[in-house]
Amino acid sequence: MASKTVNSTQHSKLTRKQPGRPVVNKVTAYDITASLKAGFSDFLARPIMSGFFGLFYALFGILFVWCLFGIGEIWMVIPAAIAFPLVAPFAAAGLYEMSRRLQNAESFGWSDILTVMAHQRKREMGWMAFVTLFILWVWFYQFRTVLVVVLQNASFSDLEGFVNTVFFTAEGWTFLVIGTCVGAFLSAVLFSVTVVAMPMLLDRDIDFITAMLTSLRVVQENPAVMLGWAAIITVTMLLSLAPAFLGLIFTLPILGHTTWHLYQRAVLPTEG
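In what follows, the accompanying structure is described. Since this is a predicted model, take the numbers as computed values, not measurements.

**Considerations on the nonpolar core**
At step 1: Within the largest apolar cluster, 71 residues are counted, with the highest numbers of intra-cluster contacts made by Tyr-57, Phe-175, Met-226, Trp-229 and Leu-248.
At step 2: With 10 residues, the top contributor of residues to this core is helix α8 (residues 125-150).
At step 3: Each residue touching Phe-175, except ones within four places of it in the same chain, is listed here: Phe-143, Val-146, Leu-147, Val-150, Leu-151 and Val-166.

Structure (structure tokens):
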């Protein structure tokens, strides 16, 4: 009887631990608050270096929008504005490394952070970029499809005409409702597979499939908390776009550092 009990206990431990598979923790609103505080602390520890990543991201957004106006693709402004925050995890890769080193009390300079980022292209991060770009392509494609079907005869020769059609006509409201629903679904998918996958790929020598599945498990185990985190990211990023993208200089670094600390709380560290 004792032997059976011991074997049963050992089997239970092995089943629960599942060696080789990252262990997901339960997180609470306190973990988000604590991660935000730690993220803000990291930003204050290296404000110039952190702000550099935010500035780079903001300038990229300004250039992207300017190009859309330049080529006359006014219709892409709305989907681009919605999709823009979704690629922030890539811009935050250097911020994850900064937080990791600050957490471990390691000294570092510009070359250390930029070198680590350059090395990511040789690892699984490239596959994550492919997944992200594929979802974004689907988003732009469906947006264009709904645009053509619902607003067949609309003219978008200038921004004013586009805004008037989309926001002040019945067809425009139909278009916004359908586009928002589809966009929300794709955004939820992308958030779920990347929320901790990006920092995990930088932190551990694992494949991108494992990272995405772990990220999905974090969301499944903590749906309400992660929904709250997604809402914080979405609102903060969208508000940051309003002042000509310049708000991103501050918000992107803080959110990036925060993501690292939330990942540390959501996924059990590897042994050793």
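**Notes on the packing of aromatic side chains**
At step 1: A complete count under the given rule lists 11 aromatic pairs for this structure.
At step 2: The interplanar angle of 10° and the centroid separation of 5.7 Å between the aromatic rings of Trp-127 and Phe-208 together place this pair among those described as stacked. Here the residue Trp-127 occupies a position in helix α8, and Phe-208 occupies one in helix α12 (residues 208-221), the gap between them amounting to 81 residues.
At step 3: Take Trp-127: its relative accessible area is 48%, and that puts it in the partly exposed class.
At step 4: Exposure remark for Phe-208: the relative accessible area of 15% places this residue in the buried category.
At step 5: Between Trp-139 and Phe-143, the ring centres sit 5.5 Å apart and the planes meet at 65°, which makes this aromatic pair edge-to-face. Within this pair, Trp-139 and its partner Phe-143 are both found in helix α8, separated by four residues, close to a single helical turn. Exposure class is identical for Trp-139 and Phe-143. Each is buried.

Quick notes on the rules
Here the residue numbers are simple positions, counted from 1 along each chain's written sequence. Per-residue local features of the predicted model are confined to residues with pLDDT of at least 70, and side-chain atom pairs are confined, for both listing and counting, to 80 or more; whole-chain, interface and lining totals are unaffected and use all residues. With hydrogens and water stripped out, all remaining heavy atoms of the structure feed into the side-chain values. Take the buried residues of types Ala, Val, Leu, Ile, Met, Phe, Trp, Tyr and Cys, join any two whose side-chain atoms come within 4.5 Å, and each joined set is a nonpolar core. Type-normalised accessible area, obtained with a 1.4 Å probe on protein chains alone, sets the label of each residue: buried when under 20%, exposed when over 50%, and partly exposed for intermediate values. In this text, helices come from DSSP runs of H or I with a minimum length of four residues, and strands from runs of E with a minimum of two, each type numbered from the N-terminal end. Whether two residues are in contact is decided by their heavy atoms: any pair within 4.5 Å suffices. Think of it this way: a Phe, Tyr or Trp ring, Trp meaning its six-membered ring, pairs with another when their centres are within 6.5 Å, and the plane angle makes it stacked under 30 degrees, edge-to-face over 60, tilted otherwise.

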